[in-house]
Amino acid sequence: MNKNNIFEFLEPLIFERLGKILVDNEEYGQRIAQETMYYEQLKENLKKEQQMQLENFFNSSNDTSVFCQELAYKQGMTDLLMFISGLIFK
C-alpha cells in the first residue's frame, strides 16, 4: 500500500475522530462562540455587497487554512511512517 492509499483510507477516520474531539472540547466551543459574536458585530455595519465580500474572504481563508493543516498533517504522518519503517527495517 503506497502513502496516498494510506491517507485515502485514514482521512475519513481521522476527520470523524477530530470532529468528535472538537464537539466535546469546551475551549473550542468558547472560541467558536467568540468568533461568531465578532463576525455578527462586523456584519451589522456592512452593506449586503460588503457582507458577501467578507463572507467570500472568510470562506476562502478558511479553505486555505484547512488545506495547509491537511498538508502539514500528511507530512507529519509521512515522516512518522518513514521513522518507524527505518527502525523496523534497519
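Notes on the structure in this doc start here. Only a predicted model underlies this, so the values are computations on that prediction, with no experimental measurement involved.

Checked against the element boundaries, Phe 89 lands in the segment after α3 (48-88). The spatial distance from the C-alpha of Phe 89 to the C-alpha of Asp 79 is 15 Å, given a sequence separation of 10 residues.

To continue, consider the packing of aromatic side chains. For the structure on display, the rule yields two aromatic pairs. Ring centres of Tyr 39 and Phe 58 lie 5.5 Å apart, and the angle between their planes is 70°; on these two criteria the pair is classed as edge-to-face. Placement of the pair is Tyr 39 in helix α2 (residues 26-44) and Phe 58 in helix α3, with a sequence separation of 19 residues. Plain terms: the ring middles of Phe 57 and Phe 58 are 5.5 Å apart, the flat faces sit at 55° to each other, and that makes the pair tilted. Note on Phe 58: relative accessible area 30%, which makes it partly exposed. These aromatic residues form a ring-pair network of at least three members: Tyr 39, Phe 57 and Phe 58.

The subject of this paragraph is the layout of surface pockets. Computed from the structure, the largest pocket encloses a volume of approximately 590 Å³. Forming the boundary of the largest pocket are 17 residues, of which Phe 15, Leu 18, Leu 22, Val 66 and Gln 69 lie nearest the centre. When residues of the lining of the largest pocket are traced back to their parent elements, those giving at least two are α1 (3-24), α2 and α3. Its residues placed into classes, the lining of the largest pocket shows nine nonpolar, three polar and five charged. Here the second largest pocket is characterised by a volume of approximately 200 Å³. Forming the walls of the second largest pocket are Ile 32, Glu 35, Thr 36, Tyr 38, Tyr 39, Glu 55, Phe 58, Asn 59 and Asn 62. Going through the elements one at a time, α2 and α3 are the ones with two or more residues in the lining of the second largest pocket. In terms of residue count, α2 provides more of the lining of the second largest pocket than any other element does, five residues in total.

What counts, and where the lines are drawn
Residues numbered from 1 in each chain as written. Predicted model: local features only at pLDDT ≥ 70, side-chain atom pairs only at ≥ 80, totals over all residues. Heavy atoms only, no water. Helix = DSSP H or I, 4+ residues; strand = E, 2+ residues; numbered from the N terminus. Phe/Tyr/Trp six-rings, centres within 6.5 Å; stacked < 30°, edge-to-face > 60°. Buried < 20%, exposed > 50% of the residue type's maximum accessible area, 1.4 Å probe, protein only. 1 Å grid on protein atoms, 1.4 Å probe; cavity = no way out; pocket = protein on both sides within 12 Å on 5 of 7 lines; lining within 4 Å. Points joined across faces, edges and corners; volume = space filled by probe spheres on them. Nonpolar A, V, L, I, M, F, W, Y, C, P; charged D, E, K, R; others polar.

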